[in-house]
Amino acid sequence: MIYAKEESLRREDLQKLQLQRLQDTAERVYTLTPFYKEKFDETGVTPEDIQSLEDIQKLPFTKKKDLRDHYPFGLFTVPMSQVVRVHSSSGTTGKPTVVGYTKEDMDVWDEVMARVFTMAGGSAEDVVHNAYGYGLFTGGLGFHNGAEKIGATLIPASSGFTDRQNMLMKDFKATILASTPSFALHMAEAAKKSGADFKNDFKLKSGVFGAEPTSEGLKEEVSKVWGIDYHEVYGLSEIIGPGVSCNCKHSKLLHVAEDHFYVEIIDSKTGDVLPDGERGELVITSLTKQALPIIRYRTGDITSLHREPCGCGRTLVRMESIVGRADDMIIVNGVNVYPSQVEHVIANTEGVTLNYQIIADKKGHLDKLDILVEVSDEIMTDSIADMERLKKEIQRELANNLYINASVKLVEPRTIERSMGKAVRVVDKRRDDA
Ligand code: DLL
């Protein structure tokens, strides 16, 4: 089922809608935000210069730093009396990035999240167990509102208390799980430990997962252990929260809600727009946001866009699952390392879980990389010699696949730190602000 008619418009009609909304947004930011007026003037562009969608390339980029510099509400284009909700983004250094929503913005967010649940096969018949954290993080309340919008029964479980979550999921007969992928796996491990019979105890049919980089191996494991369809959700607070894109059951590529968010892929270094299919940094312009419209926001997320028709009938452009961040790639003794590559190696190793942490540090003038990996409950009783063999095996595979010499440390299950419910994959102690 397709939730909204805007998801399957003819391209010409969608583009007409996008252009009109882009023109309105450019005009809105230019007249209402001194920051954008200055930026447009510096670039030598006015809202009237936007005569086609390609003209978006004349507009300046917005960066996370711009939001931080105007902390907390400096880029809002409405008085606070019209702002009905404030959220902030997780996990960077310094002040958080603050975002605001008018009533209309909330309606758009609810709608795109309703589309997400519909893509995951959800309807009023479903019971949604929402294990995303509630609070300033957009995950909890974003999924909350979307589930209610489609009329599903919503269980606002929030994060933490794993055993209790499993009990509720079982007793309330949840059919859709909403959580981060790593937490879904964590819940499965706890359920396994308590002797759950996955087939008979749980009624889950699908899950809506996102908020953190996730390898194909981890996705497959979540899908397999719970026996569910895996749907990936992408989004970020600066744009709206979760709901920017999600995949339907026909493919792994994520449909972008293009009638609300205009997407481009750029070369991070030059800022040039790249053609469809090529990987680069995702840049998003909000087309309907009222409280915090945003022009060409550099997400830092690396992906590619695809326009081949999808079997579901949606005509929206699709994006590949995030393959890394323009800024989370770490360089270890001259070698580029993506956490997802390390994860891939771990996913293909028996006896360990996908809970891991990469710690980059200095040893003298050289870089060193420690990788903590939680072993599975099953092998906790194995001998020290077996553990040593396993450790060596992972180190060898890392060297073979990534050309890095890492020191692997096997740790007990559920001991690696998490932050706001999200797995912390990389700790870079070489940076001054770490
Ligand atoms: O994480 C919004 C969200 C909540 C999305 C729940 C999906 C599910 P922020 O805290 O602002 O917002 O973090 C945004 O998280 O720029 C990506 O780097 C990362 N991210 C979000 N979704 C995915 C995903 C929420 N599906 C940042 N795959 C983004 C990989 C993701 N990374």
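Residues numbered from 1 in each chain as written. Predicted model: local features only at pLDDT ≥ 70, side-chain atom pairs only at ≥ 80, totals over all residues. Heavy atoms only, no water.

> Residue-level account of the pattern of salt bridges, with values.
Between side chains of opposite charge, pairing is possible as soon as their charged atoms come close. Tallied over the entire structure, the rule returns 29 salt bridges. The partner of Glu258 in a salt bridge is Arg11, and the shortest N-O contact between them spans 2.6 Å. Of this pair, Glu258 sits in the loop between strand S9 (254-256) and strand S10 (261-266) while Arg11 sits in helix H1 (residues 11-32), placing them 247 residues apart in sequence. Residue Glu258 is classed as buried on the basis of its relative accessible area, which comes to 3%. Taking the relative accessible area as the measure of exposure, Arg11 reaches 24% and is therefore partly exposed. Residues Glu232 and Lys219 are paired through a salt bridge, measuring 2.8 Å at the closest nitrogen-oxygen approach. Here the residue Glu232 occupies a position in strand S7 (residues 229-236), and Lys219 occupies one in helix H9 (residues 216-226), the gap between them amounting to 13 residues. Like Lys219, Glu232 is buried. (Salt bridge = Lys/Arg side-chain N within 4 Å of Asp/Glu carboxyl O. Helix = DSSP H or I, 4+ residues; strand = E, 2+ residues; numbered from the N terminus. Buried < 20%, exposed > 50% of the residue type's maximum accessible area, 1.4 Å probe, protein only.)

> How would you explain the environment of Glu54 if you had to name every residue and give the values?
When you line up the elements, Glu54 lands in the loop between helix H2 (34-43) and helix H3 (64-69). Judged by its relative accessible area of 54%, Glu54 is exposed. Sequence separation between Glu54 and Val352 is 298 residues; the distance between their C-alpha atoms is 48 Å.

> Describe the site of the ligand, and please don't skip the residues or the numbers.
In the neighbourhood of the ligand, 23 residues make up the surrounding shell, with Ala211, Glu232, Val233, Ser237 and Asp301 lying closest. In the model, an oxygen atom of the ligand is placed 2.5 Å from a nitrogen or oxygen of the Ser237 side chain. Side-chain polar atom of Lys422 to an oxygen atom of the ligand: 3.2 Å apart, as the coordinates give it. Computed on the free molecule, the ligand has an accessible area of 600 Å², of which 93% lies beneath the protein chains in the complex. Of all the secondary-structure elements, those providing two or more residues to the shell around the ligand are helix H5 (138-149) and S7. Ranked by residues supplied to the shell around the ligand, first place goes to S7 with 5 residues. Partitioning the shell around the ligand into residue classes produces 10 nonpolar, 7 polar and 6 charged. (Near = heavy atom within 4 Å. Polar contact = N/O pair within 3.5 Å; in protein donor to acceptor, adjacent residues only side chain to side chain. Areas by Shrake-Rupley, 256 points an atom, 1.4 Å probe, with all protein chains shown as cover. Nonpolar A, V, L, I, M, F, W, Y, C, P; charged D, E, K, R; others polar.)

> An account of the domain arrangement of the protein is requested, with residue identities and associated values reported.
When cut into domains, the protein gives domain 1 (1-326) and domain 2 (330-433). Between domain 1 and domain 2, the residue contacts involve 23 residues of the former and 17 residues of the latter. Per-residue buried area on domain 1 facing domain 2 is highest for His186, Glu189 and Ser215; these three make up 24% of the total on that side. On the surface where domain 1 and domain 2 come into contact, there are 1 salt bridge. (Domains from an automatic or database assignment. Contact = heavy atoms within 4.5 Å. Buried area = accessible area lost by both parts, 1.4 Å probe.)

> Lay out the packing of aromatic side chains with the relevant residues and their values.
According to the stated counting rule, one finds 11 aromatic pairs in the structure shown. Both rings, one in Tyr132 and one in Phe143, keep their centres 4.3 Å apart while their planes meet at 15 degrees; by these two values the pair is stacked. Here Tyr132, found in the loop between strand S3 (127-130) and H5, pairs with Phe143, found in helix H5; they are 11 residues apart in sequence, far enough to count as distant. What makes Tyr132 buried here is its relative accessible area of 2%. (Phe/Tyr/Trp six-rings, centres within 6.5 Å; stacked < 30°, edge-to-face > 60°.)

> Quick one: what's the story with empty space enclosed by the protein, residue by residue and with numbers?
One pass over the full model with this rule turns up 5 cavities of 30 Å³ or more. Quantified by volume, the largest cavity comes out at close to 60 Å³. Around the largest cavity, the lining residues are Ala131, Tyr132, Gly133, Phe137, Ser159, Thr180, Phe183, Met420, Gly421 and Lys422. Looking at the lining of the largest cavity residue by residue, the class counts come to 5 nonpolar, 4 polar and 1 charged. Domain assignment of the residues forming the lining of the largest cavity places at least three in each of domain 1 (1-326) and domain 2 (330-433). (1 Å grid on protein atoms, 1.4 Å probe; cavity = no way out; pocket = protein on both sides within 12 Å on 5 of 7 lines; lining within 4 Å. Points joined across faces, edges and corners; volume = space filled by probe spheres on them.)

> Describe the packing of helix H10 (residues 339-347) against helix H11 (residues 384-402), listing the residues and the values that go with them.
Put simply, H10 and H11 touch, their axes get as near as 10 Å, and they point 135 degrees apart. Relative to H11, the element H10 is oriented oblique. When the axes of H10 and H11 are compared, the crossing they make is right-handed. Between H10 and H11, the residues in contact are Gln341, Val342 and Val345 and Ile394, Glu397, Leu398, Asn401 and Leu402, respectively. Grouping the constituent residues of the contact of H10 with H11 by class yields 5 nonpolar, 2 polar and 1 charged. (Axes fitted to C-alpha atoms, helices over the stretch in contact; angles between N-to-C directions. Parallel < 35°, antiparallel > 145°, perpendicular 65-115°, else oblique. Left-handed = near helix turned anticlockwise from the far one by under 90°.)

> I'd like a rundown of the layout of surface pockets, residues and numbers included.
The volume enclosed by the second largest pocket comes to roughly 600 Å³. Every residue lining the second largest pocket is counted, 27 residues in all, and those nearest its centre are Leu185, Lys192, Glu221, Val352 and Thr353. Element by element, the count of residues in the lining of the second largest pocket is highest for H9, at 6 residues. Taken together, the residues of the lining of the second largest pocket break down into 9 nonpolar, 7 polar and 11 charged. Counting contributing residues, the lining of the second largest pocket receives three or more from each of domain 1 (1-326) and domain 2 (330-433).

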